[in-house]
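# Structure assessment
Take a look at the letters that make up each chain.
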Amino acid sequence: MLDCGMHMGYNDDRRFPDFSYITQNGRLTDFLDCVIISHFHLDHCGALPYFSEMVGYDGPIYMTHPTKAICPILLEDYRKITVDKKGETNFFTSQMIKDCMKKVVAVHLHQTVQVDDELEIKAYYAGHVLGAAMFQIKVGSESVAYTGDYNMTPDRHLGAAWIDKCRPDLLISESTYATTIRDSKRCRERDFLKKVHETVERGGKSSRVSWPNSASRWQVLIPVFALGRAQELCILLETFWERMNLKAPIYFSTGLTEKANHYYKLFITWTNQKIRKTFVQRNMFEFKHIKAFDRAFADNPGPMVVFATPGMLHAGQSLQIFRKWAGNEKNMVIMPGYCVQGTVGHKILSGQRKLEMEGRQILEVKMQVEYMSFSAHADAKGIMQLIRQAEPRNVLLVHGEAKKMEFLKQKIEQEFHVNCYMPANGETTTFFTNPNIPVDISLGLLKRETALGPLPDAKKPKLMHGTLIMKDNSFRLVSPEQALKELGLAEHQLRFTCRVHIQDPRKEHETVLRVYNHLKGILKDYSVQHLPDGSIMVESILIQATAHSEDQGTKVLLVSWTYQDEELGSYLTSLLKKGLPQSTG
């Protein structure tokens, strides 16, 4: 099973996946060999404790080391918001998170992990967030590659996703930005800095005058998830504040920042080259200008920038601050990433300005709403790039919106000439594979076959003649001599014989001579011999003539050949069936 996430747009049972698709009755462990988690975002791992501890799964769960370290922290944070603050029931407990994580097996990049006798998995770097991985799943010669979420462009703290030319039978790819081609990252960063700077500067200029009340604000809210875009934008603002010598405070909510910082230091090898190089002199994740946020600061007058979690404004501190600041047109909210339908983030990005909050309360949104994609997902160009890199035989799109996926599906089919699928939830897709069976070939046979013809072309298949030995589930192609020796068998010579009737009243030896002259004239590139016993030899093909028992004017030619000369034997018989040329003498 690939990933086990929750839906951020729901607050009831619909937030968790419907596991009855796997089995209606019986233990889940009997139907699943393993669970693979691509990264720590809750839409990919949020239902894991519910799945393993409440529904009941006790098989292995695979994820990378950073994901294993960060996953329980985000799950606990979300549990606190849902259970302790909102008082919801039918949710996993802290103990369940701990028990669930005991089932996790951490994997390294490019490490082939043997799950059981048949199944093996391998992780590849996916960019996106710290520890995110794509997985190749292999059984025999058939394989599936699953991308999880990935980013094909390196950013300020992570590298670009990479997979080798593994040619899977199926590539399952996310398609969040199926129709988007993003502008240059530099332009986006410049626009982001300009908007933040202008908003806080307007507030800064007014701050020389006295603040009449907390309504005159010029404050910027940036909802983010605790790890990922948060670090990206913090590094961006930190360097800008430093360069411009700005004084307006920048805050980061929740205690997750310190923990996030700790994990970025711990897993420094997962970051990009620049950060790894400069890490000894300066840790990019220790911020001078960004301070921890206190809830009371939300009522402070004066300009400020606040990074608050979570990123889709569906709960937690970002939503609390948004509710306080939404009524002031001088404030701004910048949404830096994708928002799922049903969340407050999605509603305000769709242009809604009156929101129904909990308890039927109506919130009027007057603050400026800006969307700037700093999302760490691949855009349409990136998805095509990955397909080009992996060379899959089929593609299946997930994690996207139907209309946009349809457009990308057509593009993929046109450009790569492969089948592309986009099944709806609960829909089954069937596709056919051509399994390759690996065969070891003996060096002696390989040398002999290569010596016989022109040098083989690496891109073209080559026909090989040999004996196939099947032993202990493995196949070997060896020369017939080697096979006889290994198996202790005697060689039998198999010859095919064909009868050809020819009208010729002459004696047998004269007919043979006519046949010999006829073949000698046609088969100039072959060795044609007239043997003392009155037969004809063409390569290994033997031709003998006898009189017909009932008709003396008809001669019977017996043509016999070994299986190696099957082609030449067939050609000779068809030639002789056409008859001999009329003699002029």
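All of these numbers come straight from a predicted model, not from anything done at the bench.

### Points about helix α3 (residues 65-85)
The terminal C-alpha atoms of α3 lie 30 Å apart, and with 21 residues this matches the ideal 30 Å at 1.5 Å per residue to within 8%. Residue G87 follows α3 closely and has a positive phi angle near 70°.

### A few points about the sheet that holds strand β12 (residues 304-308)
Here we have six strands laid out as an open sheet, ordered β11-β10-β12-β9-β13-β16, and parallel in their pairing. Since the sheet does not close on itself, it has two edges, and those belong to β11 (290-292) and β16 (368-371), each with one partner. Within this sheet the neighbouring strands show an average axis-to-axis angle of 25°, counted without direction. Where strand β10 (residues 250-252) and β11 come together, three bridges link them in parallel fashion. Bridge assignment links I250 to a residue of β11, and that residue is I290. Against the sheet, helix α6 (residues 229-244) contacts β9 (219-223), β10, β11 and β12, and its axis sits at roughly 160° relative to β12. Here helix α9 (residues 316-325) sits on the sheet and contacts β9, β12 and β13 (332-335); the angle it forms with β9, its principal contact strand, is near 150°.

### Topic: empty space enclosed by the protein
Here the structure, examined in full by the defined rule, presents two cavities of 30 Å³ or more. Taken as a whole, the largest cavity holds about 190 Å³ of empty space. Lining the largest cavity are 15 residues, and of these L42, L74, D77, F225 and P310 sit closest to its centre. Inspection of the lining of the largest cavity shows a minimum of three residues originating in each of domain 1 (13-180 + 376-421) and domain 2 (185-205 + 215-371).

### Thoughts on the packing of aromatic side chains
The tally for this structure, following the rule as stated, stands at 17 aromatic pairs. Measuring from centroid to centroid gives 6.3 Å for Y263 and F267, while their planes differ by 15°, and the two rings are stacked. Ring pairing ties together the aromatic residues F16, F19, Y50, F51, Y57, Y78, F91 and F92, which thus form one cluster. Here the basic side chain of R15 rests over the ring of F16, its NZ or CZ set 5.9 Å away from the ring centre.

### Quick look at a nonpolar patch on the surface
Taken together, the side chains of I437, V439 and L468 define a hydrophobic patch exposed on the protein surface, amounting to about 290 Å² of accessible area. Inspection of the secondary structure puts V439 in strand β19 (residues 439-441).

### Details of the layout of surface pockets
A volume near 870 Å³ is recorded for the second largest pocket. Lining the second largest pocket are 23 residues, and of these R448, H465, P480, Y563 and Q564 sit closest to its centre. Looking at the lining of the second largest pocket, the elements with two or more residues in it are α13 (443-452), α14 (480-487) and α16 (566-577). Considering each element in turn, the lining of the second largest pocket owes the most residues, five residues, to α14.

### Topic: the packing of α3 against helix α4 (residues 94-101)
Any two packed helices are characterised by the angle at which their axes cross and by the distance between the axes. Running from N to C, α3 and α4 point in directions that differ by 160°, and their axes come no closer than 10 Å. On the basis of their axis angle, the class for α3 and α4 is roughly antiparallel. The two elements α3 and α4 cross, and the hand of that crossing is right-handed. Contacts between α3 and α4 involve K68, C71, P72, L75, E76 and R79 from the former and S94, I97 and M101 from the latter. For the contact of α3 with α4, the class distribution of residues is five nonpolar, one polar and three charged.

### Regarding the confidence of the model for the protein chain
Model confidence for the protein chain is summarised by a mean pLDDT of 87, while 94% of its residues fall at 70 or above. Model confidence for the protein chain, summarised as mean pLDDT per element, is weakest for helix α7 (residues 256-266) at 73 and strongest for strand β1 (residues 35-36) at 98. Of the regions scoring below 50 in pLDDT, residues 204-216 engages in 15 contacts with residues more than four places distant in sequence or in other chains.

### Quick look at unusual backbone geometry
With an omega of -5°, the peptide bond between T309 and P310 qualifies as cis. Phi is positive for E539, which is not a glycine, with a value near 55°. In this structure, E539 sits in the loop between β24 (536-538) and β25 (541-547). Residue E539 is classed as partly exposed on the basis of its relative accessible area, which comes to 38%.

### A look at the domain arrangement of the protein chain
When the parts of a complex come together, some accessible area is lost, and that lost area is often used as the size of the interface. As far as domains go, the protein chain holds domain 1 (13-180 + 376-421), domain 2 (185-205 + 215-371), domain 3 (440-487) and domain 4 (495-578). Taking only C-alpha atoms into account, the centre of domain 2 sits 92 Å from that of domain 4.

### Some words on the sheet that holds β25
Spatially, the five strands line up as an open sheet ordered β22-β26-β25-β24-β23, and their pairing is antiparallel. Unpaired on one side and paired on the other, β22 (495-503) and β23 (528-530) mark the two borders of the sheet. Going from strand to strand, the sheet's axes swing by 20° on average, the running direction of each strand aside. Pairing of β24 with β25 involves three bridges; the strand directions are antiparallel. Across the sheet, residue V538 finds its bridge partner in β25, namely I541. Sitting on the sheet, helix α15 (residues 508-522) is in contact with β23, β24, β25 and β26 (554-562), with an inclination near 160° to β23. Sheet contacts for α16: β22, β24, β25 and β26; angle to β26, the most-contacted strand, approximately 170°.

### Thoughts on a positive patch on the surface
On the surface, a cluster of positive charge is contributed by K80, K85, K259 and R295. Here K85 lies in helix α3. Since its relative accessible area comes to 57%, K85 is described here as exposed.

### Quick notes on the pattern of salt bridges
The tally for this structure, following the rule as stated, stands at 21 salt bridges. Its salt-bridge partner being E370, residue K195 comes within 3.8 Å of it at the nearest N-O pair. You can see K195 sitting in helix α5 (residues 185-206) and its partner E370 sitting in strand β16, a full 175 residues away along the chain. Judged by relative accessible area, which is 25%, K195 ranks as partly exposed.

### Examining α16
Under the 1.5 Å per step criterion, the end-to-end length of α16 is 17 Å for twelve residues, consistent within 8% with the ideal 16 Å. Residues of α16 that are buried include every one of L568, G569, L572, T573, L575 and L576, and no others. Projected onto a plane normal to the axis of α16, the buried residues spread over an arc of 160° and lie on a single side. What points out from α16, more than 90 degrees from its buried face, is the exposed set E567 and K577.

Procedures and definitions
- Residues numbered from 1 in each chain as written.
- Predicted model: local features only at pLDDT ≥ 70, side-chain atom pairs only at ≥ 80, totals over all residues.
- Heavy atoms only, no water.
- Helix = DSSP H or I, 4+ residues; strand = E, 2+ residues; numbered from the N terminus.
- Expected span 1.5 Å × (residues − 1).
- Pairing = 2+ DSSP bridges.
- Axes fitted to C-alpha atoms, helices over the stretch in contact; angles between N-to-C directions.
- Contact = heavy atoms within 4.5 Å.
- 1 Å grid on protein atoms, 1.4 Å probe; cavity = no way out; pocket = protein on both sides within 12 Å on 5 of 7 lines; lining within 4 Å.
- Points joined across faces, edges and corners; volume = space filled by probe spheres on them.
- Domains from an automatic or database assignment.
- Phe/Tyr/Trp six-rings, centres within 6.5 Å; stacked < 30°, edge-to-face > 60°.
- Lys NZ or Arg CZ within 6 Å of the ring centre and 35° of its normal.
- Patch = residues over 30% accessible without salt bridge, like charges linked within 9 Å, V, L, I, M, F, W, Y side chains within 5 Å.
- Areas by Shrake-Rupley, 256 points an atom, 1.4 Å probe, with all protein chains shown as cover.
- Salt bridge = Lys/Arg side-chain N within 4 Å of Asp/Glu carboxyl O.
- Parallel < 35°, antiparallel > 145°, perpendicular 65-115°, else oblique.
- Left-handed = near helix turned anticlockwise from the far one by under 90°.
- Nonpolar A, V, L, I, M, F, W, Y, C, P; charged D, E, K, R; others polar.
- pLDDT = per-residue confidence, 0-100.
- Buried < 20%, exposed > 50% of the residue type's maximum accessible area, 1.4 Å probe, protein only.
- Lys, Arg positive; Asp, Glu negative; His and termini not counted.
- Charge placed at Lys NZ, Arg CZ, Asp CG, Glu CD.
- Arc of directions from axis to C-beta.

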